[in-house]
Amino acid sequence: MQPTESTNAFSPEFNQRLKRRYRAEQSFKLMGIGAIFIALAFLVFLLSTILMSGYPAFKQTYIKLDVTLDKEYFPDEDLAKGDFQGIVKASLYSMFPEVSGRRDKRMLNNLVSKGAAFKLMDMVEADPKLIGTSFSIWVPAKDDVDMLMKGNIDMDQPEANRRIKDKQYERIRTLENGGRLQMRFNKTFFTSGDSREPELAGILSAAKGSFYTLVITLLLSFPMGVAAAIYLEEFAPDNAFTDLIEININNLAAVPSIIFGLLGLAIFINFWGIPRSTPLVGGLVLTLMTLPTIIITSRAAIQSVSPSIREAALGVGASKLQTVFHHVLPVAMPGILTGSIIGMAQALGESAPLLMIGMVAFIMDAPGGVTDPA
């Protein structure tokens, strides 16, 4: 069949269609690039918003006090029983001698955190020679003062609608003008556990508890999951029992996480007697939840290894075990690690199974091991 003028490579119609295809391809490419830039812009906006909103948490307001550790505050030989709160109050009263009346004194004392007394106690226990001396010390301010210094309290509102009263505001300005009020890096945020006082609360308990729990989860789920995947993919016979195991693994991957929490409550706590709210029991529960994900992704990674690698290894005399562990497993390891990371990320974001096994949300002391509350 003779080509017509419209199908001729040199005809105007053909060149126009070719240009339209090129333009469509270029437009699609530009739309893809634009979509990527839009996604990046939203990501930058999200991260910047989080950083800007969370940045004030890394700073804390401190007040400078001139304290005198008179011996009368330590009637007992046990230095921890000293009246450290009274020392802090005496320092405040000396700076504002005009304050009188129970209500005004209470408002003045509320400018300083309760952690000031604990800080003095730690200093005296570390160096008892401080008793009988006078010195200056920076102590954390109350959370209301901190919020005011960070601009989160509107002083233009009526006094009844804000937590900082007019008299407190005047004394805060007096402290600021006298160089006794500073914003410093909030070390407490990283070195303290939970506290009922916001200015004394930190993330140490949560961080250590999460770390211990995930370490146990990784140490248990990764070896068992990879070993199960290797057996099912390379060594298991093709029979009804193996099919039953595969069906159960796939079903477990779709089970709601709270069911694993109920299982952990019934088996690990009630039957085995493991203490509740510990990283040990939390790691065991998350191991059960993570195993199906690791097994399925590891099997997929092993299946993706080229058969020629197995054939070449067997052809030069390697045994089945040597072929799997010396050739197949190293090639599949990137995919196995990817699946393990996905499983660990899923475990890190779970809270329902941990709540079911009694892992409480308020822990004052950071856990020192896998059997401590976390």
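Structural data are supplied above this passage.
Residues numbered from 1 in each chain as written. Predicted model: local features only at pLDDT ≥ 70, side-chain atom pairs only at ≥ 80, totals over all residues. Heavy atoms only, no water.

Before going further, it helps to spend a moment on the nonpolar core. One recurring pattern in soluble globular proteins is that nonpolar side chains are buried together. I63, L65, F74, F84, I87 and L120 are the most contacted members of the largest nonpolar core, which totals 35 residues. When contributions to this core are tallied by element, the ones reaching two or more residues are β1 (59-68), α2 (84-95), α4 (115-126), β2 (134-140), α5 (143-149) and α6 (166-177). No other element matches the five residues that α4 contributes to this core. Once residues within four sequence positions are removed from consideration, F74 is found in contact with L69, L79, G82, F84, I87, V124 and I131. If you look at the next biggest cluster of nonpolar residues, it comprises 16 residues, including F260, I269, V285 and M289. (Core = buried A, V, L, I, M, F, W, Y, C linked by side-chain atoms within 4.5 Å. Buried < 20%, exposed > 50% of the residue type's maximum accessible area, 1.4 Å probe, protein only. Helix = DSSP H or I, 4+ residues; strand = E, 2+ residues; numbered from the N terminus. Contact = heavy atoms within 4.5 Å.)

Tallying each qualifying case throughout the model produces seven aromatic pairs. With centroids separated by 5.2 Å and ring planes inclined at 55°, the aromatic side chains of F268 and W272 adopt a geometry described as tilted. Pairwise contacts between aromatic rings join F58, F185, F189 and F190 into one cluster. The positively charged end of K105 is found above the aromatic ring belonging to Y93, 5.1 Å away from the centroid. (Phe/Tyr/Trp six-rings, centres within 6.5 Å; stacked < 30°, edge-to-face > 60°. Lys NZ or Arg CZ within 6 Å of the ring centre and 35° of its normal.)

Before going further, it helps to spend a moment on the pairing of β2. Among the seven residues in β2, five count as buried, and that is most of the element. Looking at chain direction, β1 and β2 are connected through seven bridges and run antiparallel. Pairing of D66 across the sheet is with S136, part of β2. (Pairing = 2+ DSSP bridges.)

In this structure, L220 sits in helix α8 (residues 204-235). Judged by its relative accessible area of 31%, L220 is partly exposed. Sequence spacing of L220 and T293 is 73 residues, and the spatial spacing of their C-alpha atoms is 14 Å. For L220, the residues in contact, after removing those within four places along its chain, are L284 and T287.

A few words on the side chain of T61. In this fold, T61 is placed in strand β1. In this structure the side chain of T61 is engaged in a polar contact, spanning 2.8 Å, whose partner is the side chain of D146. (Polar contact = N/O pair within 3.5 Å; in protein donor to acceptor, adjacent residues only side chain to side chain.)

Further remarks concern the layout of surface pockets. Here the largest pocket is characterised by a volume of approximately 630 Å³. Together, 21 residues line the largest pocket, and G115, F118, T188, S192 and L200 are the ones closest to its centre. At the level of secondary structure, the elements contributing two or more residues to the lining of the largest pocket comprise α4, β3 (181-185) and α7 (188-191). In terms of residues, the lining of the largest pocket owes the most to one element, α4, which gives four residues. Grouping the amino acids of the lining of the largest pocket by side-chain chemistry returns six nonpolar, six polar and nine charged. Lining the second largest pocket we find 19 residues, and of these A206, S210, L354, M359 and A374 sit closest to its centre. Mapped by element, the contributors of at least two residues to the lining of the second largest pocket are α8, α13 (320-348) and α14 (352-356). The residue makeup of the lining of the second largest pocket, split by class, is 12 nonpolar, five polar and two charged. (1 Å grid on protein atoms, 1.4 Å probe; cavity = no way out; pocket = protein on both sides within 12 Å on 5 of 7 lines; lining within 4 Å. Points joined across faces, edges and corners; volume = space filled by probe spheres on them. Nonpolar A, V, L, I, M, F, W, Y, C, P; charged D, E, K, R; others polar.)

This part covers a nonpolar patch on the surface. On the surface, L30, I33, I36, F37, L40, L43, L46, L47 and I50 cluster together into a nonpolar patch covering about 880 Å² of accessible area. Examined against the element boundaries, I33 turns out to sit in helix α1 (residues 12-54). (Patch = residues over 30% accessible without salt bridge, like charges linked within 9 Å, V, L, I, M, F, W, Y side chains within 5 Å. Areas by Shrake-Rupley, 256 points an atom, 1.4 Å probe, with all protein chains shown as cover. Salt bridge = Lys/Arg side-chain N within 4 Å of Asp/Glu carboxyl O.)

On to a negative patch on the surface, then. A surface patch of negative charge is lined by D76, E77, D78, D122 and E125. Of note, E125 is situated in helix α4. (Lys, Arg positive; Asp, Glu negative; His and termini not counted. Charge placed at Lys NZ, Arg CZ, Asp CG, Glu CD.)

Everything listed here is a matter of coordinates, which is why it stays silent on function.
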